[in-house]
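One letter stands for each residue in the lines below.
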Amino acid sequence: MDEIGAGGANMDTKILDSREVVAELVREARADADEDRFLTNRANMDMADRVISIVALVFGAVCVCALLAHAIDGRVAEVGQKLMPGQRVACDGVAVSGKDAPVLLVVNKPRGIVCTTSDKDRAENIVEFLDYPVRIYPIGRLDKDSEGLLLMTNEGELVNRILRARYGHEKEYLVTVDKPIDSEFVWKMSAGVKILDTVTRPCEVEKTGKTSFRIILTQGLNRQIRRMCEALGYQVQTLKRVRMLNITLDGLKTGEYREVTAAERQKLEDILNGKKNV
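In this report, the structure presented in the accompanying data block is examined. Quantities reported herein were computed from a predicted structural model and do not represent experimental measurements. (Residues numbered from 1 in each chain as written. Predicted model: local features only at pLDDT ≥ 70, side-chain atom pairs only at ≥ 80, totals over all residues. Heavy atoms only, no water.)

1. Some points on the overall build of the protein chain
The criterion, for reference: Every helix listed is a DSSP run of H or I at least four residues long, and every strand listed is a run of E at least two residues long, numbered separately from the N terminus. Remark: exposure states derive from per-residue accessible area (1.4 Å probe, protein chains only) relative to the maximum for the residue type, with buried under 20%, exposed over 50%, and partly exposed in between. Contacts are assigned to residue pairs that have any heavy atoms within 4.5 Å of one another. Computed by Shrake-Rupley with a 1.4 Å probe, the accessible areas treat only the displayed protein chains as cover when residues are assessed.
Looking only at helices and strands, one finds 7 helices and 15 strands in the protein chain. Looking at the protein chain as a whole, 42% of its 278 residues qualify as buried. Considering only residue pairs separated by 6 or more positions, the protein chain has 62% of its internal contacts joining residues 24 or more positions apart. When the accessible surface of the protein chain is split by element, carbon and sulfur atoms take 49% of a total near 15400 Å².

2. Examining unusual backbone geometry
Of note in the backbone geometry, Asp-197 takes a positive phi value of approximately 60° without being a glycine. With respect to the element layout, Asp-197 can be found in the loop between strand S9 (194-195) and strand S10 (198-199). Residue classification places Asp-197 among the exposed residues on the basis of a relative accessible area of 78%.

3. Observations regarding the side chain of Thr-200
Rules: Under the rule applied, a polar contact is a pair of N or O atoms within 3.5 Å (in protein, one hydrogen donor and one hydrogen acceptor; residues adjacent in sequence only if both atoms are side-chain atoms).
Examined against the element boundaries, Thr-200 turns out to sit in the loop between S10 and strand S11 (204-207). Of the polar contacts made by the side chain of Thr-200, one reaches the backbone nitrogen of Val-193; its length is 2.8 Å. Setting aside residues up to four positions removed in sequence, Thr-200 forms contacts with Ala-191, Gly-192, Val-193, Ile-195, Gln-219, Leu-221, Gln-224 and Met-228.

4. Topic: the pattern of salt bridges
For clarity, the cut-off: Any carboxyl oxygen of Asp or Glu within 4 Å of a side-chain nitrogen of Lys or Arg constitutes a salt bridge here.
Counted according to the given criterion, the structure contains 11 salt bridges. Linking Arg-214 and Glu-172 is a salt bridge whose minimum nitrogen-to-oxygen distance equals 2.5 Å. Remark: Glu-172 occurs in strand S8 (residues 171-177) and Arg-214 occurs in strand S12 (residues 212-217); sequence separation between them is 42 residues. By relative accessible area, which is 28% here, Arg-214 ends up partly exposed. Residue Arg-243 is joined to Glu-172 by a salt bridge in which the shortest nitrogen-to-oxygen separation is 2.8 Å. With Arg-243 in strand S13 (residues 236-244) and Glu-172 in strand S8, the pair connects residues that are 71 residues apart, well separated along the chain. Each member of the salt-bridge network shares a partner with another, and the members are Glu-170, Glu-172, Glu-206, Arg-214 and Arg-243.

5. Overview of the packing of helix H4 (residues 156-163) against helix H7 (residues 262-272)
Worth spelling out the cut-off: Note on definitions: angles span 0 to 180 degrees between N-to-C directions of axes, and those axes are lines fitted to C-alpha atoms, for helices only across the stretch in contact. Note that the term roughly parallel is reserved for angles under 35 degrees, roughly antiparallel for angles over 145, roughly perpendicular for angles of 65 to 115, and oblique for everything else. Each crossing is labelled by how the near helix is turned from the far one, with a counterclockwise turn of less than a right angle marking it left-handed and a clockwise turn marking it right-handed. All residues other than Ala, Val, Leu, Ile, Met, Phe, Trp, Tyr, Cys, Pro, Asp, Glu, Lys and Arg, Gly among them, are scored as polar; the first ten of these are nonpolar and the last four charged.
Viewed as axis vectors pointing N to C, H4 and H7 meet at an angle of 55°, and their least axial separation amounts to 10 Å. When the axis of H4 is compared with that of H7, the two are oblique. Once H4 is placed against H7, the crossing between them reads as left-handed. Of the residues in H7, those touching H4 at Leu-158, Arg-161 and Ile-162 are Arg-265, Leu-268, Glu-269 and Leu-272. Residue composition of the contact of H4 with H7, grouped by class: 4 nonpolar, no polar and 3 charged.

6. A word on the packing of aromatic side chains
Here is the rule: Pairing of aromatic rings covers Phe, Tyr and the six-membered ring of Trp, with a centre-to-centre limit of 6.5 Å; geometry is then stacked below 30 degrees between planes, edge-to-face above 60, and tilted otherwise.
Scanning the entire structure with this criterion turns up 3 aromatic pairs. With centroids separated by 5.8 Å and ring planes inclined at 80°, the aromatic side chains of Tyr-132 and Tyr-257 adopt a geometry described as edge-to-face. On the criterion of sequence distance, the pair formed by Tyr-132 in the loop between helix H3 (126-130) and strand S6 (137-139) and Tyr-257 in strand S15 (residues 257-259) is long-range, its members being 125 residues apart.

7. Description of the nonpolar core
The line we're drawing: The term nonpolar core refers to a set of buried residues drawn from Ala, Val, Leu, Ile, Met, Phe, Trp, Tyr and Cys, joined through side-chain atoms within 4.5 Å.
Counting residues in each nonpolar core, the largest one holds 21 residues, and the members touching the most others are Val-175, Met-189, Phe-213, Ile-215, Ile-225 and Cys-229. For this core, the secondary structure elements donating two or more residues are S8, helix H5 (183-191), S12, helix H6 (224-231) and S13. Ignoring sequence-local partners within four residues, the contact set of Val-175 consists of Thr-211, Ser-212, Phe-213, Ile-215, Ile-225, Val-236, Thr-238 and Leu-239. The next biggest cluster of nonpolar side chains, apart from the first, holds 17 residues, and it includes Leu-104, Leu-149, Leu-268 and Leu-272.

8. Comments concerning the environment of Ile-247
Structurally, Ile-247 can be placed in strand S14 (residues 247-248). On the accessibility criterion, Ile-247 (0% relative accessible area) is buried. Spatially, the C-alpha atoms of Ile-247 and Arg-265 are 8.7 Å apart, while their sequence positions differ by 18 residues. Among all residues touching Ile-247, those that are not within four sequence positions of it are Val-106, Leu-149, Leu-151, Val-242, Arg-258, Val-260 and Glu-264.

9. Considering the environment of Met-189
Tracing the chain through its elements places Met-189 in helix H5. Overall, the relative accessible area of 0% leaves Met-189 in the buried class. Taking the C-alpha atoms as reference points, Met-189 and Met-228, separated by 39 residues in sequence, lie 7.1 Å from one another. Not counting residues within four places of it along the chain, the set of residues in contact with Met-189 comprises Cys-203, Val-205, Phe-213, Ile-215, Met-228, Cys-229 and Leu-232.

10. Let's talk about H7
Burial in H7 covers these residues: Glu-264, Leu-268, Glu-269, Asp-270 and Leu-272. Of the surrounding secondary structure, the elements contacted by the buried residues of H7 are strand S5 (104-109), H4, S14 and S15. Among the residues trailing H7, Gly-274 stands out with phi positive, at a value near 80°.

And the structure:
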């Protein structure tokens, strides 16, 4: 890559004049990403990387990393420094030198771990718990007292496709309550229960023990199963998600994670694309 020549002064001026604008965009993106907005503002999670890419295109191959407290190969970058092939760029410790490969993980979330970064009692969140090398975020949530299957990804569009409520994608749970259940309980849970100023969609419920049952939901209201049980006079003791669409825990131990297999991903894509008999 050529050094900045006679027009370099003007180029430097443009870069320096843009310093605060770019930095502010990145600060705003990170602030949004740190808030509890995984579903509605997911695009902001990638804004910092996009800003860096756009600025690099506008100003040519001159490295813009120094504007944003970046480092190249672990050393603080300088304005005008050239970025050579194979070098690693990071901003506040997060790699931004290239687009990360798609990631989709199956996680068996333990109880006590939250899925947000703004828990009032400062409980450990799932991102901290996994400490995965690529920035990922949960598809939907499991509350702090629940456990089981959680999908985590760095693909914003995949989140939207899975969570769009109108598609009625299935989520399966195993639940235990504080007292024996009967056929009336199963029928009422299946037919729909009035909570949160609405009536839940009809769902599949199967008694699996004296105080336990299996339930398959096609919607995701806040603490839905717990609220449904409470409305019928029961308290949930344990709640574990074991399936989302075609993805299952498949023997995964509590606290462990695995990558979704190619076959699972293909079947998931088929379901999301509306293909029948998959």
